[in-house]
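Take a look at the letters that make up each chain.
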Amino acid sequence: MDTKEESSKRNQPVLSEKPSVSRRNFMQTSALLAAGLGAVGSLVGCAACPRQTARAGRGGASDVPRSFVSATDVLSGSSVEWNPYHSFFIWGRPIRVQPILMYTVAMPQEMRSWKSWGDVLTDEAAAAEAAQISEELRAMQTQAEFPIECLPVVCVKTAEQAAQALQGAFDVVLVYAASGSGTLLQQCVPPDKDALLFVRHQSGAMYYWYEALSVAYLQTDRQPNRETRLGHVHVDDVVVDAYGDLLWRLRALYGVKNFMGSRIVALGGVWGKYAPDAPQIAADRFNMEIIDMGYDAFAGRIEAALRDPGQMLRAEEQARRYLALSKTELQTDFPFVVNAFVLYALFREVMREHNAPAFTIKECMSTIIPMAKTTACLALTLLNDEGLIAFCESDFVVVPPGVLLRHIAGKPVFMHNSTFPHDGIVTCAHCSAPRRMNADRYEPMRILTHEESEYGAAPKVEIPIGQEVCFIDPEYTAGRWVGLKGQVTDNPFYSICRSQQEVRVEGDWQTLKSEVRDSHWLMVYGDYLDEIGYAARKLGIVWDRIS
């Protein structure tokens, strides 16, 4: 039984045990980089509960603002300030949550059935429950490796209070459905925003809606788009007891929020592998803003940089510093690495000019090489290792799920070629792999030439044997993604793209034979298949999970 299933059965709220960026790095990065602070309101305060006493936040008398890094903050610094020891950038707009405690006051009636199931049937019980919810949400926030802003808990027992609670600015309403009518529950769910329903079984006061929730209220995969009492709310939007289950859903919603409408610079044009409509679909379906930058506009920058003694000296110093990192081996010519740092600075410069934290490059195996006197591979690795998003080939079949996966996982994403599965094994290979795949340490790496050109600087990253990874395999632009996970079994050295891993697939690997498309996949450390599937449904994507 997996961790999520186990955690849902425990008596107390359990937080996710997924691999994540450490809390230390989250706070270090925030303190160093954030120019503006995202204040978190007090989590306690129940206007509809007359006997509740408001408590101070983290700082005692007043709340201590929690900071996070926005894309603007990340890009605002000078591109020459590269530092391999900098904490991984954790950036993005926080997911803003409005908790609502829904309840009713039961009035005793002689010789009649006068109360429903559950323990929250008085104002006093609601006040105590709101205080517990506030503490639980605060504990969850301390565990989250992405920014969550929880508004004060609002207690609701009337339609007017429900309407007032939904007037604020938030991304998702979190309804603690303790007691109350089906009509009141409907009034607590906004028609145009995401909603999560939390009910208690064993984690505290028993909730009536642990019993009363049903498919009469909730959408299901078996009958999608069926008319229900709660409209768009799905059975997967319900959490019982476990805060770990709540946290991964919020992680998915955070990913969707920061993915939709994202900006990306595409140097050299756009395309989609075997799907020429991919860039237009990315713009139409996901509202992606693609800044198409031609090589004519970029060639002069490269030429000027390569002639600038100051820029070249700075790039050489950075290259030497990079090669001094532990377990870094140079097996190509040093000037290729220097020029890769020149490219890195120029890529970052255009990203900053367009306030775009994502970057991709077309014709990276041809046009850019004679201009830069190196390959783009290592420069893309450097961007990913900082915490930005960088992919080669400008393939907009995989760019959208790649950006989403980066936001969900909070780690670099490795875009790579797929191979034909056999004996439960697939080989994953590309020449621009991130090196800081767990968002903390640098994996061992050799810097070689690019495989197909035997030129430039390309990383061969060694992923630890036994490392768990998960994948998205998009079916072109059909609106269907395949998900799987596995474990790295080897880092071979075939005559293929330099960073290469053998991965043993978990689950029915034979199914993958029907998914062979000579396409690109996306890999990330850890298991985020639940989050990706949840986000895919929110985006209208069909999600087929093999593992």
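Residues numbered from 1 in each chain as written. Predicted model: local features only at pLDDT ≥ 70, side-chain atom pairs only at ≥ 80, totals over all residues. Heavy atoms only, no water.

1. Observations concerning the sheet that holds strand β17 (residues 455-461)
Here's step 1: In space, the three strands of this open sheet follow the order β11-β16-β17, with mixed pairing throughout. Lying at the two open borders of the sheet, with one neighbouring strand each, are β11 (328-330) and β17. Ignoring which end each strand starts from, the neighbouring axes of this sheet average 35° apart. (Pairing = 2+ DSSP bridges. Helix = DSSP H or I, 4+ residues; strand = E, 2+ residues; numbered from the N terminus. Axes fitted to C-alpha atoms, helices over the stretch in contact; angles between N-to-C directions.)

2. Considerations on the pairing of strand β19 (residues 480-490)
Successive side chains on a regular strand alternate, one facing one side of the sheet and the next facing the other.
Here's step 1: Of all 11 residues that make up β19, eight are buried, and the element is covered over most of its length.
Here's step 2: Pairing between strand β18 (residues 468-474) and β19: seven bridges, direction antiparallel. Residue pairing in the sheet places F471 in a bridge with L484 of β19.
Here's step 3: Linkage of β18 to β19, two consecutive antiparallel strands, is achieved through a turn of five residues, within which Y476 is found at a positive phi near 50°.
Here's step 4: In this sheet, strand β22 (residues 542-545) lies alongside β19 in parallel orientation, the contact comprising four bridges. Its bridge partner being in β22, W481 is matched across the sheet by W543. (Buried < 20%, exposed > 50% of the residue type's maximum accessible area, 1.4 Å probe, protein only.)

3. Things to note about the nonpolar core
Here's step 1: If you look at the biggest cluster of nonpolar residues, it comprises 168 residues, and the most contacted ones within it are F347 and I368.
Here's step 2: Residues in contact with I368, not counting those within four places in the same chain, are Y295, F298, I302, L343, I361, E363, T374 and A376.
Here's step 3: With five residues, the next largest nonpolar core counts C377, A429, C431 and C497 among its residues. (Core = buried A, V, L, I, M, F, W, Y, C linked by side-chain atoms within 4.5 Å. Contact = heavy atoms within 4.5 Å.)

4. A word on the packing of helix α12 (residues 334-353) against helix α14 (residues 377-386)
Here's step 1: Running from N to C, α12 and α14 point in directions that differ by 55°, and their axes come no closer than 8 Å. If you check the angle between α12 and α14, you find them oblique. Crossing angle aside, the handedness with which α12 passes α14 is right-handed. Between α12, through V337, A340, F341, L343, Y344, F347, R348 and M351, and α14, the contact on the second element is made entirely by L378, A379, L380, L382, L383 and E386.
Here's step 2: Classifying every residue of the contact of α12 with α14 by side-chain character gives 12 nonpolar, no polar and two charged. (Parallel < 35°, antiparallel > 145°, perpendicular 65-115°, else oblique. Left-handed = near helix turned anticlockwise from the far one by under 90°. Nonpolar A, V, L, I, M, F, W, Y, C, P; charged D, E, K, R; others polar.)

5. Here we look at the packing of aromatic side chains
Here's step 1: Counting across every chain of the model gives 16 aromatic pairs.
Here's step 2: Ring centres 5.0 Å apart and planes at 75° place the aromatic pair W82 and F341 in the edge-to-face group. Of this pair, W82 sits in the loop between α3 (71-76) and β3 (95-102) while F341 is found in helix α12, placing the two residues 259 residues apart along the sequence. Neither residue differs from the other here; W82 and F341 are each classed as buried. (Phe/Tyr/Trp six-rings, centres within 6.5 Å; stacked < 30°, edge-to-face > 60°.)

6. Some details on the pattern of salt bridges
Here's step 1: All told, the structure shown has 31 salt bridges when counted by the stated rule.
Here's step 2: Two residues, K273 and D518, come together in a salt bridge whose shortest N-O distance is 3.8 Å. One end of the pair, K273, is in the loop between β9 (263-267) and α9 (278-286); the other, D518, is in the loop between β20 (499-506) and β21 (520-525), and 245 residues separate them in sequence.
Here's step 3: Using a relative accessible area of 12% as the deciding quantity, one classes K273 as buried.
Here's step 4: The partner of R446 in a salt bridge is E462, and the shortest N-O contact between them spans 4.0 Å. Pair noted here: R446 is in strand β16 (residues 445-450) and E462 is in the loop between β17 and β18, with a separation of 16 residues, a long-range link.
Here's step 5: One continuous salt-bridge network, built from bridges that share partners, spans D473, E475, R480, E515, R517 and D544. (Salt bridge = Lys/Arg side-chain N within 4 Å of Asp/Glu carboxyl O.)

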